[in-house]
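Take a look at the letters that make up each chain.
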Amino acid sequence: MQVDFPIVKVTWADAQEAGVGWLDLQECIEAPLAKCYSVGWLAYHDDKKIVIMATLARNNDDSEISQGGDCTAIPADWVTDIEYL
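Residues numbered from 1 in each chain as written. Predicted model: local features only at pLDDT ≥ 70, side-chain atom pairs only at ≥ 80, totals over all residues. Heavy atoms only, no water.

Caption draft 1: Spatial organisation of the nonpolar core. Within the largest apolar cluster, 10 residues are counted, these being Val-8, Val-10, Trp-12, Ala-34, Cys-36, Leu-42, Ile-50, Ile-52, Ile-74 and Val-79. Secondary-structure elements contributing two or more residues to this core are β1 (7–14), β2 (34–45) and β3 (49–58). Apart from residues no more than four positions distant in its own chain, Trp-12 is found in contact with Ala-34, Lys-35, Cys-36, Tyr-37, Ser-38, Ile-74, Trp-78, Val-79 and Thr-80. Membership of the second largest hydrophobic core comes to five residues, among which are Phe-5, Trp-41, Leu-56 and Ile-65. (Core = buried A, V, L, I, M, F, W, Y, C linked by side-chain atoms within 4.5 Å. Buried < 20%, exposed > 50% of the residue type's maximum accessible area, 1.4 Å probe, protein only. Helix = DSSP H or I, 4+ residues; strand = E, 2+ residues; numbered from the N terminus. Contact = heavy atoms within 4.5 Å.)

Caption draft 2: Main features of the packing of aromatic side chains. If you walk through the whole model with that rule in mind, you get one aromatic pair. A centroid spacing of 6.4 Å and a plane angle of 10° characterise the contact between Trp-12 and Trp-78, whose relative ring orientation is stacked. With Trp-12 in strand β1 and Trp-78 in the loop between β4 (65–75) and β5 (79–84), the pair connects residues that are 66 residues apart, well separated along the chain. Using a relative accessible area of 40% as the deciding quantity, one classes Trp-78 as partly exposed. (Phe/Tyr/Trp six-rings, centres within 6.5 Å; stacked < 30°, edge-to-face > 60°.)

Caption draft 3: Summary view of the environment of Lys-48. Tracing the backbone through its elements, the reader meets Lys-48 in the loop between β2 and β3. Along the primary structure Lys-48 and Ile-74 are separated by 26 residues, whereas in three dimensions their C-alpha atoms are 8.6 Å apart. Excluding its chain neighbours within four sequence positions, the residues that come into contact with Lys-48 are Ile-74, Pro-75 and Ala-76.

Caption draft 4: Broad picture of the side chain of Thr-11. Structurally, Thr-11 can be placed in strand β1. The buried category is assigned to Thr-11, whose relative accessible area is 7%. Residues in contact with Thr-11, not counting those within four places in the same chain, are Lys-35, Cys-36, Tyr-37, Trp-78, Val-79, Thr-80 and Asp-81.

Caption draft 5: The environment of Gln-26, seen in detail. Within the secondary structure, Gln-26 sits in helix α1 (residues 25–29). Along the backbone, Gln-26 and Asp-46 are 20 residues apart, and their C-alpha atoms lie at a distance of 36 Å.

Caption draft 6: Seen up close, a nonpolar patch on the surface. Among the surface-exposed residues, Ile-7, Val-39 and Leu-85 lie close enough to one another that they form a single nonpolar patch of about 280 Å² accessible area. Mapped onto the elements of the fold, Val-39 is located in strand β2. (Patch = residues over 30% accessible without salt bridge, like charges linked within 9 Å, V, L, I, M, F, W, Y side chains within 5 Å. Areas by Shrake-Rupley, 256 points an atom, 1.4 Å probe, with all protein chains shown as cover. Salt bridge = Lys/Arg side-chain N within 4 Å of Asp/Glu carboxyl O.)

By themselves, these are just geometric observations and shouldn't be taken as functional.
Below is the structure:
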């Protein structure tokens with residue numbers, strides 16, 4: 001297997017609704033962010049985003065990996081940790 005795509009677990013923050021209906025202003029201010037975890041092959045990473053894939057594919061001739069499936073792009077500013085598995 002090609003090692004150009006390490007498997008990683010990405011921990012990242014996302015928006016989360018504070019509650020349903022009207023809330024006190026303090027409840028709105030104290031609303032937590034959602035803590036998310038995504039696992040996949042690392043396809044790309046720079047100072048703007050990280051892209052992971054759940055599935056990799058080769059062409060029929062069994063050459064290099066040329067396709068990815070279930071790709072997720074996460075803004076780099078939202079990422080709190082990248083663990084190489």
